[in-house]
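Residue-level structure breakdown
Given next are the chains, with one letter for each unit.
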Amino acid sequence: MRKLTVPTLAALVVLVAASALAAEPDMYKSESGWFDMNHCAFCKNLTADPGLLPHSTWETHEIENGMVEIITVAPEYKESFAKAGRAMQELGMKIQKGEVNPMTLEMCGRCKEFGMLQMTGIKTEAVMGDAATVFIYTSDNPDVVKKMHDIVARDHKEMALMMGAGQEQTEHPQHHEHPGHDH
């Protein structure tokens, strides 16, 4: 198991929107701004290689004491994924060291919320497998767990809206509905 720094994790998880929007660059931003691949200081690294997002999937789920995220990337895009992660990690480290003021950065709503969540001291684990990367975020604080569950619910709602579903559908797309599922 390889652990990534907290700022890197926040940005990597935004692949949820990226895989849904990769085919239409004008739709890289959700209407609410929860996701914004082209303008978010972290997420824009995921669009540097135009093939990465269409060949990636992302799921987020509640667990009893937090949340879990599962990311898959087609083998031929693993290096692009790693490169994006390194760029996001570098930015995150600059923020942690005080070299960059996060208030001066343009960030999507997802990265802002997740960044604030990370400041609560959540426990973060990353499992870098051959088939998928799994991030596990947990806390013993019920208020923090609720915030994680709220982020999962918002992710599901925003993804459903971006995939063209009506507002009444708030469930995360099933595997066969994910763009890039045929790789």
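Quick note: structure is the one above.
A brief look at the structure comes next. (Residues numbered from 1 in each chain as written. Predicted model: local features only at pLDDT ≥ 70, side-chain atom pairs only at ≥ 80, totals over all residues. Heavy atoms only, no water.)

1. Re the overall build of the chain
Rules: Secondary structure elements are defined from DSSP: runs of H or I of at least 4 residues count as helices, runs of E of at least 2 residues count as strands, and each element is numbered from the N terminus. Residue burial is assigned from relative accessible area. The probe radius is 1.4 Å, only protein chains are included, and a residue is buried under 20% of its type maximum, exposed over 50%, and partly exposed in between. We call two residues in contact when some of their heavy atoms are within 4.5 Å. We get accessible surface area from the Shrake-Rupley algorithm with a probe of 1.4 Å; when it comes to residues, only the shown protein chains can shield them.
Scanning the chain from N- to C-terminus turns up 5 helices and 4 strands. The order of helices and strands in the chain, counted from the N terminus, is α-α-β-β-α-α-β-β-α. A total of 183 residues make up the chain; the buried ones form 48% of that total. Counting only contacts in the chain whose residues sit at least 6 apart along the sequence, the fraction spanning at least 24 positions is 68%. In the form shown here, the chain has an accessible surface area of approximately 9300 Å², with 51% of it arising from carbon and sulfur atoms.

2. Comments concerning the packing of aromatic side chains
To keep it simple, the criterion reads: Centres within 6.5 Å are what make two rings of Phe, Tyr or Trp a pair, Trp counting through its six-membered ring; a difference in plane orientation under 30 degrees is then read as stacked, over 60 as edge-to-face, and the rest as tilted.
The tally for this structure, following the rule as stated, stands at 3 aromatic pairs. Residues Phe114 and Tyr137 carry aromatic rings whose centres are separated by 4.9 Å and whose planes lie at 75° to one another, so their mutual orientation is edge-to-face. With Phe114 in helix 4 (residues 109-118) and Tyr137 in strand 4 (residues 133-138), this pair connects stretches of sequence that are 23 residues apart. In terms of burial, Phe114 and Tyr137 fall into one category: buried.

3. Some thoughts on the pairing of strand 4
Every other side chain in a regular strand lies on the same face of the sheet, so the side chains alternate between the two faces. Worth spelling out the cut-off: At least two DSSP bridges between two strands are required for those strands to pair.
Bridge count for strand 2 (residues 66-73) against strand 4 is 6 bridges, and the pairing is antiparallel. In the strand pairing of strand 4, Ile70 is matched with Val134. Pairing geometry for strand 3 (residues 123-128) and strand 4, over 6 bridges, is antiparallel. Note on strand 4: the bridge partner recorded for Ala126 is Phe135. Counting the residues that bridge the hairpin from strand 3 to strand 4 gives 4 residues.

4. Focus on the packing of helix 4 against helix 5 (residues 142-162)
Note the following rule: Lines fitted to C-alpha atoms define the axes, with helix axes restricted to the stretch in contact, and inter-axis angles between N-to-C directions lie between 0 and 180 degrees. Working definition: roughly parallel below 35 degrees, roughly antiparallel above 145 degrees, roughly perpendicular at 65 to 115 degrees, and oblique for all remaining angles. Note on convention: near helix rotated counterclockwise from far helix by under a right angle means a left-handed crossing. Clockwise means right-handed. Basically, the charged four are Asp, Glu, Lys and Arg, the nonpolar ten are Ala, Val, Leu, Ile, Met, Phe, Trp, Tyr, Cys and Pro, and anything else, Gly included, counts as polar.
The N-to-C vectors of helix 4 and helix 5 enclose an angle of 165°; their axes lie 11 Å apart at closest approach. Taken together, the axes of helix 4 and helix 5 lie roughly antiparallel to each other. Judged by the twist between their axes, the crossing of helix 4 over helix 5 is left-handed. Note on element contacts: helix 5 touches helix 4 through Val144, Lys147, Met148, Ile151 and Asp155, opposite Arg110, Glu113, Phe114 and Leu117. Its residues placed into classes, the contact of helix 4 with helix 5 shows 5 nonpolar, no polar and 4 charged.

5. A look at the sheet that holds strand 1 (residues 56-63)
Reading across from one edge, 1-2-4-3 is the order of the 4 strands in this open sheet, with antiparallel pairing throughout. Looking at strand neighbours, the two that pair on one side only are strand 1 and strand 3, the edges of this open sheet. Shown here is a sheet whose adjacent strand axes are inclined to one another by a mean of 15°, direction ignored.

6. A word on the pattern of salt bridges
Rule in force here: Throughout this description, the term salt bridge denotes a Lys or Arg side-chain nitrogen within 4 Å of a carboxyl oxygen of Asp or Glu.
Summed over the entire model, instances satisfying the criterion amount to 7 salt bridges. The partner of Lys146 in a salt bridge is Asp150, and the shortest N-O contact between them spans 3.0 Å. Highlighted residues: Lys146 and Asp150, both in helix 5, separated by 4 residues, approximately one helical turn. Classification of Asp150 as partly exposed rests on a relative accessible area of 41%. Three or more residues joined by partner-sharing salt bridges are found here, namely Glu69, Arg110 and Asp155.

7. Notes on helix 3 (residues 78-96)
We count it as follows: Take the residue count of a helix, subtract one, and multiply by 1.5 Å to get its expected span. To obtain the arc, one takes the directions from the helix axis to the C-beta atoms.
Taking 1.5 Å per residue, 19 residues should reach 27 Å; helix 3 reaches 26 Å between its end C-alpha atoms and fits that length. Inspection of helix 3 places Ser80, Phe81, Ala84, Gly85, Met88, Leu91 and Gly92 among the buried residues, and these make up the whole buried set. End-on, the buried residues of helix 3 take up no more than an arc of 135°, which puts them together on one face. Residues of helix 3 that are exposed and angled more than 90 degrees away from the buried face: Glu79 and Lys83. In the stretch just after helix 3, Gly98 is the one whose phi turns positive, near 85°.

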